Amino acid sequence: MRDYLLTLCVTAAVTYLLTGPVRKFAIATGAMPEIRARDVHREPTPRLGGIAMFFGLCAGLLVAAHLQNLGSVFELSNEPRALLSGAALIWLIGVLDDKFELDALIKLGAQMISAGVMVAQGLTILWLPIPGVGTVALTPGQGTLLTVALVVLTINAVNFVDGLDGLAAGMVCIAAAAFFLYAYRLWYGYTIEAAAPATLFAAILMGMCLGFLPHNMHPARIFMGDSGSMLIGLILAASAISITGQVDPDVLKLFEGSTRQATHAALPVFIPLVLPLTIIAIPMADLILAIVRRTWKGQSPFAADRGHLHHRLLEIGHSHSRAVLIMYFWSALIAFGTLAYSVHSTSMWIVLGVVALSAIGLVLLLLPRFAPRAPRWAESVVPPRYRRRKRISAPEPVAEAPVVEEERVPVPAGINGATAIGNRARFPDRRKAGTPS
C-alpha cells in the first residue's frame, strides 16, 4: 500500500505542477475555442489539460517501475507497456482535436486503433466468469471485439459527461478509488498477482484526476479537453479489462461446499462483470440517453446538444457546484455500494444503507422544486433563498435624461487578454448560451 500511495502522490504532483505551464502553452497556441451553444461556461477557456495528465501518467509508471514491490508488475506482465502505447495514441489524437476540432468519425477510428494496440500487446479479455455457467474461454476474435467495444464505450461515456467544471475528473476519481479498493483486495487478500496491474492503473488514474482537479474546479482555469477525457476513459477501461479478463476465477478456489455457499463465495468473481459497469453507470446512462434522444429527433448520434444530465440539473435550478456534487454523490453511491456488497453480500445493512442514501439523493435532486419559506422569526438565521421577499413600493417617476446603454463587448481571449491570465470579465446579464443577444 505504501508503494501505491507513493505512486499516486508522484502522479498527482507532476500533473498539478505541469497544468499551469500547459495552460499558458494552450493560450499561446490558441487552443481556446469560441463558446458554443451547448457550453455552460461564458468565457473562452484554454484546453489541452490532457497534456499534463499524460505526463503524470508517464511519471507514475516510471516511479512504479523502480519500486521494489511494484517492479515485478513490469517484469511479469506486459500490460503497463500496452497501456502506455494505447494511451499515447489516444492522447495524441485528443491533442489534435483540442486544437483543430477533428471529425467525430476520425476520433472513433482512433479509439478503436488504440484498443487494438493494447490487444496486440496482451491487454485483452481472455475469459469471462458467467453466473450459472462458470468460466467461459473466449477465442482471440471474441476477446478482441469485446475489448474494443468496452474501450470505445468507456471513452465516449467519460467524454460525454465532461460538460461541467470538475465533473469528469471527479467522477473518474471516485470510480478509480472504488476500483482500486476492489483490485487491491483481490491482490492482497487472495494473493493473486494478476490483479496487480489493475491496482496500479487505478492508483495512477486517481493521481491524475486529483492533480488536475484544483485547476478544473468551478470556475475552471483550464479544461482537460478530449486529450484528457479520452485518456482517463481509456485507463479506466484498461483497469476493468485487466481484472475482468486476466484474473482466472478458478485460482480463488471458491466453488466448494453447497450451491448457496458457492454462490455467495463466488461474488468476488462475478463482481468484475458488474463493477466496471456500475463505475461508469452515470456516464453510460447519459451516453445511451443522448444517442436515443438525437436519433429520435433525426440527428446524428454525434451531434452536440444541451440535453445531458448535467444540463438538466442546471435547468431544474441547481447551481453549477451543486450539480457537480450531486453527480459525485450518485457515482460514489453506485460504485461503493457495489463494492461493499461484494465484500459482505449477506449483510442487510448494506442494502438498507444504499436505499436510504438513494432516498436522500432523490430529495437533493428535487430540492429546487421545493422552495420552503422560513417563518418571520427565523429569517435572520436561514440562508437568503429561504427568506420571504419584502415588498418595496415603487417610487414616483422622476424625469431624467435618457441613458444610452453601452454595447456589451467581451474582452478578446488572447495571450494578454483578461480572460486568459488576468481578472475574468463578468457580464451583467446571464443569458443562456445560444440565445440571441
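Conventions adopted
Residues numbered from 1 in each chain as written. Predicted model: local features only at pLDDT ≥ 70, side-chain atom pairs only at ≥ 80, totals over all residues. Heavy atoms only, no water. Helix = DSSP H or I, 4+ residues; strand = E, 2+ residues; numbered from the N terminus. Buried < 20%, exposed > 50% of the residue type's maximum accessible area, 1.4 Å probe, protein only. Contact = heavy atoms within 4.5 Å. Phe/Tyr/Trp six-rings, centres within 6.5 Å; stacked < 30°, edge-to-face > 60°. Disulfide = S-S within 2.5 Å. Axes fitted to C-alpha atoms, helices over the stretch in contact; angles between N-to-C directions. Left-handed = near helix turned anticlockwise from the far one by under 90°. Core = buried A, V, L, I, M, F, W, Y, C linked by side-chain atoms within 4.5 Å. Expected span 1.5 Å × (residues − 1). Patch = residues over 30% accessible without salt bridge, like charges linked within 9 Å, V, L, I, M, F, W, Y side chains within 5 Å. Areas by Shrake-Rupley, 256 points an atom, 1.4 Å probe, with all protein chains shown as cover. Salt bridge = Lys/Arg side-chain N within 4 Å of Asp/Glu carboxyl O. Parallel < 35°, antiparallel > 145°, perpendicular 65-115°, else oblique. pLDDT = per-residue confidence, 0-100.

With that settled, the discussion passes to the overall build of the protein chain. Counting its secondary structure elements, the protein chain contains 16 helices and two strands. Going through the 437 residues of the protein chain one by one, you find that 47% of them count as buried. For the protein chain, restricting intrachain contacts to residue pairs at least 6 apart in sequence, the fraction spanning at least 24 positions comes to 74%.

Quick look at the packing of aromatic side chains now. What describes a pair of aromatic rings is the distance from one ring centre to the other and the angle between the planes of the rings. As enumerated under the stated definition, the model contains seven aromatic pairs in all. For the ring pair Phe55 and Trp91, a centre distance of 6.3 Å and an interplane angle of 80° mean the geometry is edge-to-face. Taken together, the residues span a long stretch of sequence, with Phe55 in helix α2 (residues 50-65) and Trp91 in helix α4 (residues 79-100) at a distance of 36 residues. Taking the relative accessible area as the measure of exposure, Phe55 reaches 41% and is therefore partly exposed.

This part takes up unusual backbone geometry. Look at the link from His218 to Pro219: it is a cis peptide, with omega at -5°. Relative to the elements of secondary structure, Pro219 occurs in the loop between α8 (196-216) and α9 (225-245). A positive phi angle is found at Leu48, which is not glycine, with a value near 70°. Take Leu48: its relative accessible area is 3%, and that puts it in the buried class. Of note, the phi angle at Glu101 is positive, near 55°, even though the residue is not glycine. Tracing the chain through its elements places Glu101 in the loop between α4 and α5 (104-120).

What follows deals with the state of the cysteines. Under the defined criterion, the tally for this structure stands at zero disulfides. Free cysteine: Cys173, not disulfide-bonded; nearest cysteine sulfur from Cys209 at 5.4 Å.

Okay, the packing of helix α1 (residues 2-28) against α8 next. One can describe the packing of α1 onto α8 by two numbers: an axis separation of 7 Å at closest approach and a directional angle of 35°. As for the relative orientation of α1 and α8, their crossing is right-handed in sense.

So, on to the nonpolar core. Residues Tyr4, Leu57, Leu200 and Leu231 are the most contacted members of the largest nonpolar core, which totals 90 residues. In contact with Leu231, other than residues within four places in its own chain, are Gly50, Met53, Phe54, Leu57, Ala87, Ile90, Met208 and Asp226. Ala157, Phe160, Leu287 and Ala290 belong to the second largest nonpolar core, which has five residues in total.

This paragraph deals with helix α7 (residues 167-189). For α7, spanning 23 residues, the distance from its first C-alpha to its last is 32 Å, which sits close to the expected 33 Å at 1.5 Å a residue. Extensive coverage of α7 is indicated by the burial of 19 of its 23 residues. The first or second residue beyond α7 is Thr191, which carries a positive phi of 50°.

Before going further, it helps to examine a nonpolar patch on the surface. On the surface, Tyr341, Met348, Trp349, Val351, Leu352 and Val355 cluster together into a nonpolar patch covering about 660 Å² of accessible area. Ranked by residues supplied to the nonpolar patch, first place goes to helix α15 (residues 348-365) with five residues.

Moving on: the packing of α5 against helix α6 (residues 140-161). Orientation of α5 relative to α6, taken along the N-to-C sense of each, is 130°, at an axis distance of 9 Å. Here α5 is positioned oblique relative to α6, judged by the angle of their axes. In terms of crossing hand, the pair formed by α5 and α6 is right-handed. Of α6, the residues touching α5 (which contributes Leu108, Gln111, Met112, Ala115, Gly116, Met118 and Val119) are Thr144, Thr147, Val148, Val151, Val152, Ile155 and Asn156.

Another aspect to go through is the pattern of salt bridges. On inspection of all chains with the given rule, the structure shows three salt bridges. In this structure, the salt-bridge partner of Glu101 is Arg47, at a minimum N-O distance of 3.3 Å. On the criterion of sequence distance, the pair formed by Glu101 in the loop between α4 and α5 and Arg47 in the loop between α1 and α2 is long-range, its members being 54 residues apart. On the basis of relative accessible area, Arg47 is assigned to the buried category, the value being 10%. A salt bridge links Asp97 to Lys107; its shortest N-O distance comes to 3.6 Å. Linking Asp97 in helix α4 with Lys107 in helix α5, this pair joins segments that are ten residues apart in sequence. Side by side, Asp97 and Lys107 carry an identical accessibility label, which is buried.

Here we come to the environment of Gly86. Mapped onto the secondary structure, Gly86 falls in helix α4. On the accessibility criterion, Gly86 (0% relative accessible area) is buried. Sequence separation of Gly86 and Gly116 is 30 residues, and the distance between their C-alpha atoms is 8.1 Å.

Turning our attention to the side chain of Ser239. Turning to its location among the elements, Ser239 is positioned in helix α9. Contacts of Ser239, omitting those with residues within four sequence positions, involve Phe179, Ala198, Phe201 and Ala202.

Right, let's get into the confidence of the model for the protein chain. On average, the protein chain scores 77 in pLDDT, and the residues at 70 or more come to 69%. Looking over the protein chain, one finds the lowest element-wise mean pLDDT in helix α16 (residues 418-421), namely 38, and the highest in α2, namely 95. Counting contacts from residues 254-264, a segment whose pLDDT is below 50, to residues more than four positions away or on other chains yields 13 contacts. Counting interchain partners and residues more than four positions distant, the pLDDT-below-50 stretch residues 405-437 has 49 contacts.

What follows concerns the environment of Ala237. Within the secondary structure, Ala237 is located in helix α9. On a C-alpha basis, the gap between Ala237 and Phe201 in space is 10.0 Å, while along the polypeptide they are 36 residues apart. With residues up to four places along the chain from it excluded, the contact list for Ala237 reads Leu150, Val151 and Thr154.

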